[in-house]
Each structure stands twice: as structure tokens, then as C-alpha cells.
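What the coordinates show
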Amino acid sequence: MRLVYMAGKGGVGKSVCSAATGIWASQQGKKTLAFSMDPAHSLSDLLEVEIGDRPTKIAGSLDAVEPDLAAEAEKFYASYRSLFRALFEMFQFEVRPEDFGVVPGVGELIFMDRLYDVYMQGDYDVVVIDSAPTALVLPLLKLPDVTTGVVTRLLGMKSRWTGIFNMLEPGFGDSIVKEVRRLRTKAETMRNALIDPEITTISVVTIPEKAAVLESERLIRTVEAHEVTVDSIIVNHVMAPCDCDYCRRRAASQKIYIEEIRAKFGEKRIALLPSYGEEVKGEALAQVARDLYEKGEVRL
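Calculation notes
- Residues numbered from 1 in each chain as written.
- Predicted model: local features only at pLDDT ≥ 70, side-chain atom pairs only at ≥ 80, totals over all residues.
- Heavy atoms only, no water.
- Pairing = 2+ DSSP bridges.
- Helix = DSSP H or I, 4+ residues; strand = E, 2+ residues; numbered from the N terminus.
- Axes fitted to C-alpha atoms, helices over the stretch in contact; angles between N-to-C directions.
- Contact = heavy atoms within 4.5 Å.
- Phe/Tyr/Trp six-rings, centres within 6.5 Å; stacked < 30°, edge-to-face > 60°.
- Buried < 20%, exposed > 50% of the residue type's maximum accessible area, 1.4 Å probe, protein only.
- Parallel < 35°, antiparallel > 145°, perpendicular 65-115°, else oblique.
- Lys, Arg positive; Asp, Glu negative; His and termini not counted.
- Salt bridge = Lys/Arg side-chain N within 4 Å of Asp/Glu carboxyl O.
- Polar contact = N/O pair within 3.5 Å; in protein donor to acceptor, adjacent residues only side chain to side chain.

Ordered by their spatial adjacency, 8 strands build an open sheet running S3-S4-S2-S5-S1-S6-S7-S8, and the pairing between neighbours is mixed. The open sheet has two free edges, formed respectively by strand S3 (56–59) and strand S8 (269–274), since each of these has just one partner strand. Taking the axes of each pair of neighbouring strands and ignoring which way they run, one obtains an average angle of 25° across the sheet. Bridging between strand S2 (residues 32–36) and strand S4 (residues 62–65) involves 4 bridges; their strand directions are parallel. By the bridge assignment, leucine 33 is partnered in S4 with aspartate 63. Sitting on the sheet, helix H5 (residues 106–121) touches strand S1 (2–7), S2, S4 and strand S5 (126–130), and the angle it makes with S2 is about 170°. Sheet strands touched by helix H11 (residues 285–293): S1, strand S7 (232–238) and S8. Its angle to S8, the strand with the most contacts, is close to 150°.

Okay, here's the thing in C-alpha cells:
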């Protein structure tokens, strides 16, 4: 299975690139899933198909899924109920399962849990991940270390605290340890996939403007500090040549940032996507797919 992550700040066109990549992969004969990890799902609008919580057929060998965060949050809470009871209820901090997804950082864990299921089932050749703004990848990188530390501490004080938890409710303490171990195993599996370039491709999507380029640079540096390779950079909304004064000034400004990207990341694949002049959706995504992949500027 090939995992293709589209990462970047909000509003730069990650969803368009994800949908176009899914179309391209399926056209190459790959059984493909476009997987939305952004709570503000966009794939349904772009592909012009109503997509739900289960994989929905788009065309040919392309499926898409937009997991419902609230429903996934309830399932995630149920899977790790003992752990979250220990973390929240024992300290008289009430979190309702249906609201669990809004807890900071938990949404990423919930989507990781669902992606783990897709990865382990192995039903697809390519999974294109339309990630949440900036980076879903960071929690995946950090979680194994966090859970390892929790497990180590729990096991280190198992004879004392597990017994106390078991006194409160039979098997409660043992369940906590089992759930943390299971969460760690899933996180380690996904992290190992993420750092393996034979499995994972990460493309950072940006636009040729100062704030977007700076955030993309921070993202790349942070991700690669964790031994993960960013394979390519997609620069979106590049102005086409035009003789009007506004377009000339805008194109000159964009050229500065494009050259900056090439200077800092010349070893990476860099693709330029034009500004198409209208909302890109439906059949227009096929052109984006060709612009991205036909010239070999980026790869699956």
C-alpha cells in the first residue's frame, strides 16, 4: 500500500491536490481511496459526489471517505474507555463521548485510529490523505514516544496503582495498561509507515506568498527533524502571463517566492500549478491531475 499525504496550511488547495491525485492514481489502474482527515471535509464538494463515513464509489477504481468526527470520537472513546476514565473522571473532569473529538489534539488521534484500520485491512493500492491544516503528521510522529512513556510509568508503578484501580472496579487497572499498549502499537505502526519512503510520500502544498511559504518551510523542517522525508512541494495558484499591470506585479511577487522555494528545497520535486481562474471541481480535477503528474514533477 502507498500512502500519499497532502499537507500544508489551510486554504492553499490541499483538497484539490488530494482529489486530483486520487483520480490520477485510479487512472493508472491503482485501487485508490481518497481519505479526508480534515474535519471541514471538502472532497464531497470537489468530487461532486455525496461522500459518507464509509468508502463511497467515485468512478472506476476510486473510492473516497469522509469520516464523521463525532461518530469516530464515540467509537474511539469506547475503545479506550478505561484510559480516558482514569485521565478525566478520576480528576472530576467530565468529557462526554460525543464531544470528545473537540479536545485539543484528540481529533488527530481519532483519525489516526481510523487510518490504521484502513492501512491494516490493505484493501487499497494507494490511499491519498487530505490532511488537516498544517500537519496531521506531527501527532503521528510524537505519539509513540508519549505512549511509550505512559506505558513505562504505568508498568513501573503497576503493583501500586493498578491494584488501586482494580479495587475501584474489577479489572479497571489492567484495562488501562492494555489500552495504552494498544494505542502505542497503533501509533508505532503508523509512524513506521510514515518514515518509510517506500510506503509514504508527503507533498507539501503551498502558494507563492510570504506567510504560506514561511509556514511550509517550518512544516518541512519540523517533519524532517523526525526522520520523515518530504518528497515534493506543490506551489498552487501561480499566475499565468498577462500584460495588465496588476498581473505583472502579482507575477513578479510570486516569482520571488517560487525562486526562494527552489533555492531552499532544490533537492525536492517542485510542481507549479496555475491559477485556473475558477473553482476547480468535478471534471476539471482531471486537468489538475495531468498538470501534477504527467510531467513527472511529483510522483505517487
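Picking up after the structure, the text goes on.
This part is about the packing of aromatic side chains. Tallied over the entire structure, the rule returns 2 aromatic pairs. Plain terms: the ring middles of tryptophan 24 and tyrosine 293 are 5.8 Å apart, the flat faces sit at 15° to each other, and that makes the pair stacked. Placement of tryptophan 24 in helix H1 (residues 14–27) and of tyrosine 293 in helix H11 is noted, with a sequence separation of 269 residues between them. Pair check on accessibility: tryptophan 24 and tyrosine 293 agree, each one buried. Both rings, one in phenylalanine 76 and one in tyrosine 80, keep their centres 4.9 Å apart while their planes meet at 55°; by these two values the pair is tilted. Across the pair, tyrosine 80 and phenylalanine 76 agree in class, each one buried.

What follows covers the packing of helix H3 (residues 69–79) against H5. Any two packed helices are characterised by how steeply their axes cross, that is the angle between the axes, and by the distance between the axes. Between H3 and H5, the least distance of the axes is 10 Å, while the angle of their chain directions is 80°. The angle between the axes of H3 and H5 places the two elements in the roughly perpendicular class. Here Leu69, Glu72, Ala73 and Phe76 of H3 lie close against H5, whose contacting residues are Gly107, Leu109, Ile110, Phe111, Asp113 and Arg114.

For the rest of this paragraph, the subject is the side chain of arginine 2. Note that arginine 2 resides in strand S1. The buried charged residue arginine 2 lacks any salt bridge, with glutamate 198 as its nearest oppositely charged partner at 5.5 Å. Within polar-contact distance, the side chain of arginine 2 engages the side chain of threonine 201 at 2.5 Å. Discounting chain neighbours no more than four positions away, the residues touching arginine 2 are Asp125, Val126, Val127, Pro197, Glu198, Ile199, Thr200, Thr201 and Leu300.

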